[in-house]
Amino acid sequence: MKLTIQRVSKQYRGGVQALRDFTLDLRPGVLGLLGPNGAGKTTLMSILATITRASEGSVTWNDTDVAKDPDALRTVLGYLPQDFGVYPNLNAVEFLEYLAAVKGLDAAAAKRRIDELLNLVNLADVRKRPLGGYSGGMKQRIGIAQALLNDPQLLIVDEPTAGLDPEERVRFRNLLSELSGERIIILSTHIVSDIEATATDIALISQGMLVVHARPEELLRRVEGKVWEGVFSSSDLSEVKKKYVISGTSRRSDGVHVRLVTGAIPTAAQPLAPTLEDAYLYCLAEHRAGAAA
Amino acid sequence: MNQGRVLYHLVVADFLERVRRYNFLVTLAAAVYLGYACYAGKVVIRLDEYRGVYNSAWLGCLMTLIATVFLSLIGFYIVKNSIQRDEETRVGQILATTPMTKTFYTLAKTISNFAVLAAMVAVMAVAAVAMQWMKGEVAHIDWWQLLSPFVLFALPAMAFTGALAVLFETLPVLRSGMGNVIYFFVWTALLSAPIGILDKAGPVNREAYFADFTGIVSVMGQMQQDLRRIDPGYKNGTALMIGDTQTSKRFLWNGLRGNSALYLSRVTCVLAALAIALLAAVFFHRFDPAREWVPRKRPAEVAANGERAIVATTSAAPSERHLTPLVRGPERGSFPRVVAAELRLMLKGHRWWWYVVAAGLFVASLFAPLSATHQGIAIVAAIWPVLVWSQMGTREKRWETSALIFSSERALWRQLPAVWLAGVIVAAITNGGLGIRLAVASDLSGLAAWTACILFIPSLALALGIWSGTSKTFEGVYTAWWYLGVANHLPGLDFLGTTSESVRPALYLGLAVLLVVAAFFGRRTQMAYA
């Protein structure tokens, strides 16, 4: 099972370049897709989900070109878009039955699967309630359920935990970890803790380009010995922000405690253990500096 | 910031948001086409065998009437989405948190609607100038005669139409597709209201001026009066005609004669628009979901839902649940299941009385005399499911499910035909009584017309839905088509074949095929990969 993204570019009308020469080879596991707003994450996911056509390059699923045979991928695809709607007059069961039919699942298998999924996303109690009355978090859970309807081999989830309460977020993370064994999962999110909990690989994307593709441990190694905590006065803070990558600040009685990510050793700073957020900010800053140069 | 500036910015922002959309260009193109149709002689004002010499007075009034008559109908559907758009974009919720009053908002929306419609009127005015120049029957352009009818009639009519659109959007039932259907009949009533009041042999009377929001009777009444002076043999025939426009005689018309009733009636039209905008503020929900109208539920149902909601939000700490691998059965991908799913989706969400009437029409058409079925019940049955069909091809866009549907296997080849077939089934069921009767009577030509009808309606709905992206297009076009063709038995437009003179099964079968092909290619362009 493999998904190959080969030199994919996407240019929208009006000349906006959303993706540039993007290449990535994916095997079973959870890929955490990280990047700032407008980096091209959603465009990439739309292309992989056969919603948007790439301007250049190719996407192949088990060596089949998706542009030539999209159904080869669609049959095994589960997709949770960032923005999606539901039919307000249908209840959860009817909506999932509808999508199961559209996805080509047979009735008996669909029924069993829907029961199981509604339990999984904790909506079994409101299964007969019209979706129009669901809260944002409940709709998001319906979205998660529909993405898993056909037991997908490729699961693409775009900001899946947006709108979920902490309990549901933990439940979803656990679910992703459980599912990751024999399938490829692509998880796009701004919440680094979601990635920390589930991703086996991380792809960092900025300005439509792949900045880095590595395992979380490798990323953390990159910033090993580069994360510090220094104490500064409020008046010095703006100067510090210009000089270093800052991954966190907290005000205390002795000044502002600043978490710095830098290759140079700052004066009077204490070393800290790096987190993925530090690594993300460091790689992004390096990429921007490289692009500016 | 003073109130005037707030109003200005509200109107300008709304206006710019609309005119920068692709569909505004389409509507402008339609306005240009109307101008062209006029130039090509496809639309004329005809008084028996007469038409006016194409001088500034005649062309100004002709183009004004085309603008007021067509834009007061089509324009309504174009602008009836300004509040809905604020809801969909969530801008409305932001506006609701500002000190802006409801009156201010509905007034701003009315002015914005007016601005959009006035832009189209302006295109028609430019077309009038171009037309006089190109026709060359009278070289001298009298700017007052050419343009004053636009100011006097078209602009107040557009203000009235824009205000009605806002009122419809604020009223619970009228804001839906039902409102789009109802507006057609409101428009027909408004258009024909002054005709009944008009004194056909004399000058235009005061009441007719005031009842005439489009100006059609005011203008044509004066034309008739002037022609009677020139030709006493004139038999008072008058029409704004499309298509059959051959006239053998021309007369020189020197333009409108202003009078107090005319001017006052136009001011009244603007004041009526203002009053409607203010009335709309009474019903406007200010984006408060708690004030939005929802069908009433039985107390038990409400209570049950409430309890369920609590259950759903007070779960214990996250427990581990596991998914068993999906075992796919042998009948995977069966088309009938998708059709059944689409049919359920189509028929869900209507009030109980909708089903009762649909069932009543079916039963009545089964047992009533065949002539009564053909001339009455079947006609009603052909309009009853209009809001069911109008969702075809637009549902994915309206409810933002296209990413879910279009990423599914064989969406183009399985889901789209299923939508169409579900629409055909709805048509066949609601008009099923007539079909059964025709089959039993072995009326093959009737059966052919019936078959063409049930294939044509969903095909039209699907094609218009996919290409326009909104249910309003079908609701407006189909209602007008049904009214002219089926209800009034107009040959060529009668897709149901209600009379032996108006039946055209081959035409509608052919149209159905073309529309299905158009729908297919439309959907194909919506999808990245077909």
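Looking at this structure, how should I read the packing of helix α3 (residues 92–102) of chain A against helix α13 (residues 335–347) of chain B?
When two helices pack together, their arrangement is given by the angle between their axes and by how far apart the axes lie. Packing of α3(A) against α13(B) brings their axes to within 8 Å, and their N-to-C directions diverge by 145°. Helix-helix and strand crossings are classified by hand; for α3(A) and α13(B) the assignment is left-handed. Counting all contacts with α3(A), which are made through E94(A), E97(A), Y98(A), A101(A) and V102(A), the residues of α13(B) involved are R337(B), V338(B), A341(B), R344(B) and L345(B). Residues that form the contact of α3(A) with α13(B) fall into these classes: six nonpolar, no polar and four charged.

Quick question: what am I supposed to make of the domain arrangement of chain B here?
Many structure descriptions define interface size as the accessible area lost when the parts assemble. Residues and elements named next belong to chain B. Structurally, chain B comprises domain 1 (3–290) and domain 2 (335–526). If you average the C-alpha positions of domain 1 and of domain 2, the two centres end up 31 Å apart. When residues in the side of domain 1 that touches domain 2 are grouped by element, the largest group, five residues, is from helix α8 (residues 177–197). Among the residues making up the side of domain 1 that touches domain 2, the classes are represented as four nonpolar, two polar and one charged.

Quick question: what am I supposed to make of the interface of chain B and chain A here?
On the side of chain A, 53 residues touch chain B, which itself brings 42 residues to the contact. Tallied by class, the residues present in the side of chain B that touches chain A amount to 19 nonpolar, 11 polar and 12 charged.

When you look at the sheet that holds strand β5 (residues 64–65) of chain A in this model, what are you seeing that I'm missing?
Pairing between the strands of a sheet is mediated by backbone hydrogen bonds and can be parallel or antiparallel. Residues and elements named next belong to chain A. Here we have four strands laid out as an open sheet, ordered β2-β1-β4-β5, and antiparallel in their pairing. The open sheet terminates on both sides in strands that have one partner only, identified here as β2 (17–26) and β5. On the sheet, helix α1 (residues 41–48) packs against β1 (3–11), β2 and β4 (56–61) and is oriented at approximately 60° with respect to β2.

Is there a simple way to think about the environment of L164(B) in this case?
Residue and element names in this part refer to chain B. Mapped onto the elements of the fold, L164 is located in helix α7 (residues 143–170). Overall, L164 belongs to the buried group, with 27 C-beta atoms counted inside 10 Å. L164 sits 345 residues away from L509 along the chain, and the two C-alpha atoms are 37 Å apart. Those residues within four positions of L164 in sequence are excluded, and the remaining contacts are F76 and I276.

Honestly, the nonpolar core in this entry has me stumped. Any pointers?
Most often, soluble globular proteins have nonpolar side chains that are buried together. Counting 145 residues, the largest nonpolar core has F95(A), L187(A) and C453(B) as its most contacted members. Of all the elements, helix α21 (residues 444–468) of chain B adds the most residues to this core, at 14 residues. In this structure L187(A) touches V30(A), L31(A), G32(A), L33(A), V157(A), P160(A), L176(A), D194(A), I195(A), T198(A) and A199(A), once residues within four positions along its chain are discounted. Counting 82 residues, the second largest nonpolar core, distinct from the first, contains A31(B), L71(B), M158(B) and L167(B).

Would you mind going over α21(B) with me for this structure?
Helical geometry: 3.6 residues make up each α-helical turn, so side chains three or four residues apart lie on a common side. Taking 1.5 Å per residue as the helical rise, α21(B) with its 25 residues ought to reach 36 Å, and the 35 Å between its terminal C-alpha atoms agrees with that figure. One or two steps after α21(B), the chain reaches G469(B), where phi turns positive at roughly 75°.

Before we go on, may I ask you to explain the sheet that holds strand β12 (residues 245–252) of chain A in this structure?
Residues and elements named next belong to chain A. Reading across from one edge, β12-β13-β11-β14 is the order of the four strands in this open sheet, with antiparallel pairing throughout. At either end of the open sheet lies a strand with only one pairing partner, and these are β12 and β14 (269–271). The average angle at which neighbouring strand axes cross in this sheet is 20°, direction not considered. Each of β11 (227–232), β12 and β13 (255–261) is contacted by helix α10 (residues 276–292), which is oriented at about 130° to β12, the strand it contacts most.

It is not clear to me how unusual backbone geometry should be interpreted in this structure. Could you clarify?
Of note, the phi angle at D63(A) is positive, near 70°, even though the residue is not glycine. Mapped onto the fold, D63(A) is located in the loop between β4 and β5. Residue D48(B) is not a glycine yet carries a positive backbone phi of 50°. Of note, D48(B) is situated in the loop between β1 (43–46) and β2 (50–52).

Can you walk me through the environment of A381(B) in this structure?
All names here are of chain B. Relative to the assigned elements, A381 resides in helix α15 (residues 370–383). With 25 C-beta atoms counted inside 10 Å, the residue A381 sits in the buried group. Sequence-wise, A381 and V517 are 136 residues apart; in three dimensions their C-alpha atoms are separated by 26 Å. Residues within four places of A381 in sequence aside, it is in contact with L361, S365, T430 and N431.

Any chance you could explain the domain arrangement of chain A here in plain terms?
All names here are of chain A. According to the domain assignment, chain A consists of domain 1 (3–220) and domain 2 (222–292). Distance from the C-alpha centre of domain 1 to the C-alpha centre of domain 2: 33 Å. Opposite the 14 residues of domain 1 that make contact, domain 2 presents 12 residues. Top contributing element to the side of domain 1 that touches domain 2 by residue count: helix α8 (residues 216–222), with four residues. When grouped by side-chain class, the residues that make up the side of domain 1 that touches domain 2 number 10 nonpolar, two polar and two charged.

Teacher, can you tell me more about the confidence of the model for chain B here?
Parts of the model with low pLDDT should not have their predicted coordinates read in detail. All names here are of chain B. Of the residues in chain B, 91% reach a pLDDT of 70 or more, and the chain-wide mean stands at 86. When the elements of chain B are averaged for pLDDT, helix α12 (residues 299–313) gives the smallest value, 44, and α7 the largest, 96. This stretch, residues 297–318, has a pLDDT under 50; its non-local contacts, to residues over four places away or in other chains, come to 19 contacts. For this predicted complex, the interface score ipTM comes out at 0.80, while the overall pTM is 0.78.

Rules used in this analysis
- Residues numbered from 1 in each chain as written.
- Chains lettered and ligands numbered in written order.
- Predicted model: local features only at pLDDT ≥ 70, side-chain atom pairs only at ≥ 80, totals over all residues.
- Axes fitted to C-alpha atoms, helices over the stretch in contact; angles between N-to-C directions.
- Helix = DSSP H or I, 4+ residues; strand = E, 2+ residues; numbered from the N terminus.
- Left-handed = near helix turned anticlockwise from the far one by under 90°.
- Contact = placed C-beta atoms within 7 Å.
- Nonpolar A, V, L, I, M, F, W, Y, C, P; charged D, E, K, R; others polar.
- Domains from an automatic or database assignment.
- Pairing = 2+ DSSP bridges.
- Buried ≥ 20, exposed ≤ 12 C-beta atoms within 10 Å, placed from the backbone.
- Core = buried A, V, L, I, M, F, W, Y, C linked by C-beta atoms within 7 Å.
- Expected span 1.5 Å × (residues − 1).
- pLDDT = per-residue confidence, 0-100.

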